[in-house]
Each structure stands twice: as structure tokens, then as C-alpha cells.
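# Architecture at a glance
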Amino acid sequence: QVIYEQRRLVLSESNLKSFVLGILEEELRRTVEAATGDYEEDWDLSGLHDIIDRMIGLPATHSAATWKDMDGAEIADQVVALARAQYDAREAELGTEGMRQMERLLMLRVIDTRWIRHLTALDELRNGIGLRAIGQRNPLVEYKREAYQAFEQLMQDIQSDVAHYVLNIQVARQEPARRQRVSYSGSSSASGSPE
């Protein structure tokens, strides 16, 4: 129900910009938070820089050292600001209508692909769940628990894929087909040149 509601939203909304930007910001903040835990000595700013660069394409002058004297919230704020700037540049490149169409197609593709994988995983879980009874566990309870965890992972994966692809997807522009003029060689008709 949740998945089909998301698909309906994507198909019915004329402008998904705020939705997509919200997903991108949330994923970036979650990524920064994961890399900047409670203890600063455990931070992996170089690894974080690589991940963020792959997601949004950081400026060539930007390095992990830029974040050395910042806390996690400040890093997240800077990353989100850079992502918004990249998003605006991408929108200027594709045009407003092109960006809206790309967002819609991306969302549908990610939702459909992840949903199919999820259904396949549930089938595999259903086929193997009977083995839990051997381990003195209730197969129905185990199935419900694992299916719920799989669904939560599905929702996270959808957001993650959208956030990773929205600024990196390559859009191929297709030129409209041109009408070709057909010419004939050979003898001309009595009235003159062929039409």
C-alpha cells in the first residue's frame, strides 16, 4: 500500500522538486551523522569526503581538510548547501521541465526496481521460513519480524538510490525525428522534376 501510494504521488504530482530535495538532504545528513559519531578521533573525514563527492560532486578545490575544525552539524549544513547549489546547476542545465521529467522517471525506476527485489526476497524468506520451527521459533512470528525489517530497509534503499542518482544520472537527449526528403534519380517526368 505504501509503495503504490508513493507511485501514485510520483505520477500525479507535477513538481517533485521539494520531495526529491528532501530525500537528498535527509540522506546527506544521515551519511554525515554516520561518519561523525560521538568521538572525534573516530571520524573518517577522508572517507566521508569520498562518499559525498560521489553523491553530489564536490568542487575540485574542496578537500576533507575543509571540515577539520567543524562539528558534525556544521559539516552537514555545508554539504546540504553544496548539494542545493549542484541541484540548481543541474536544473539550469536540463531546464525546469527536463529536471521535473528526470525526477519523475528516476523515482519510478528506483521504486519499481527496489520493489521487485523486495518481493523476490520475501518469496525466498517465505520458502525458507519453515526451518525456523526446527530452531524452536514460531515461523509466523519470525516471518513477520523479518518481513517488517526488510520493508524498512526497502524504504531506506529507495531514498538512498534517489539521493545517489539524482545529481549523477546521465540524461541522453533525443533529437526529434526529422522528415527526410526523398529524391529520385533517373528520367524526369513530362511535367518536370519529381515531387
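That block above? That's the structure.
Structure report, in brief. In this text the structure is predicted, and so the values were computed from the model without any measurement.

This part covers the packing of aromatic side chains. By the definition in use, this model includes one aromatic pair. Between Tyr 4 and Trp 115, the aromatic rings sit 6.1 Å apart at their centres with planes inclined by 75°, giving edge-to-face as the arrangement. Remark: Trp 115 occurs in helix 5 (residues 96-128) and Tyr 4 occurs in helix 1 (residues 2-12); sequence separation between them is 111 residues. Owing to a relative accessible area of 44%, Tyr 4 belongs among the partly exposed residues under this scheme. Residue Trp 115 is classed as buried on the basis of its relative accessible area of 19%.

Given a rise of 1.5 Å per residue, 27 residues ought to cover 39 Å, and the 38 Å separating the end C-alpha atoms of helix 6 (residues 139-165) matches this to within 8%. Among the residues of helix 6, those classed as buried are Glu 142, Tyr 143, Glu 146, Ala 147, Leu 154, Asp 157, Ile 158, Ser 160, Asp 161, Val 162 and Ala 163. Buried-residue contacts for helix 6 involve helix 1, helix 2 (17-35), helix 3 (45-56) and helix 5. Capping the start of helix 6, Asn 138 holds a side-chain oxygen 2.9 Å from the backbone nitrogen of Leu 140, two or three residues further along.

For the structure shown, the criterion picks out one cavity of 30 Å³ or more. Approximately 30 Å³ is the volume attributed to the largest cavity. Lining the largest cavity, in full, are Leu 21, Leu 24, Glu 25, Leu 28, Val 80, Ala 83 and Arg 84. Counting only elements with at least two residues in the lining of the largest cavity, the list comes to helix 2 and helix 4 (72-94). The element that contributes the greatest number of residues to the lining of the largest cavity is helix 2, accounting for four residues.

Conventions adopted
- Residues numbered from 1 in each chain as written.
- Predicted model: local features only at pLDDT ≥ 70, side-chain atom pairs only at ≥ 80, totals over all residues.
- Heavy atoms only, no water.
- Phe/Tyr/Trp six-rings, centres within 6.5 Å; stacked < 30°, edge-to-face > 60°.
- Helix = DSSP H or I, 4+ residues; strand = E, 2+ residues; numbered from the N terminus.
- Buried < 20%, exposed > 50% of the residue type's maximum accessible area, 1.4 Å probe, protein only.
- Expected span 1.5 Å × (residues − 1).
- Contact = heavy atoms within 4.5 Å.
- Polar contact = N/O pair within 3.5 Å; in protein donor to acceptor, adjacent residues only side chain to side chain.
- 1 Å grid on protein atoms, 1.4 Å probe; cavity = no way out; pocket = protein on both sides within 12 Å on 5 of 7 lines; lining within 4 Å.
- Points joined across faces, edges and corners; volume = space filled by probe spheres on them.

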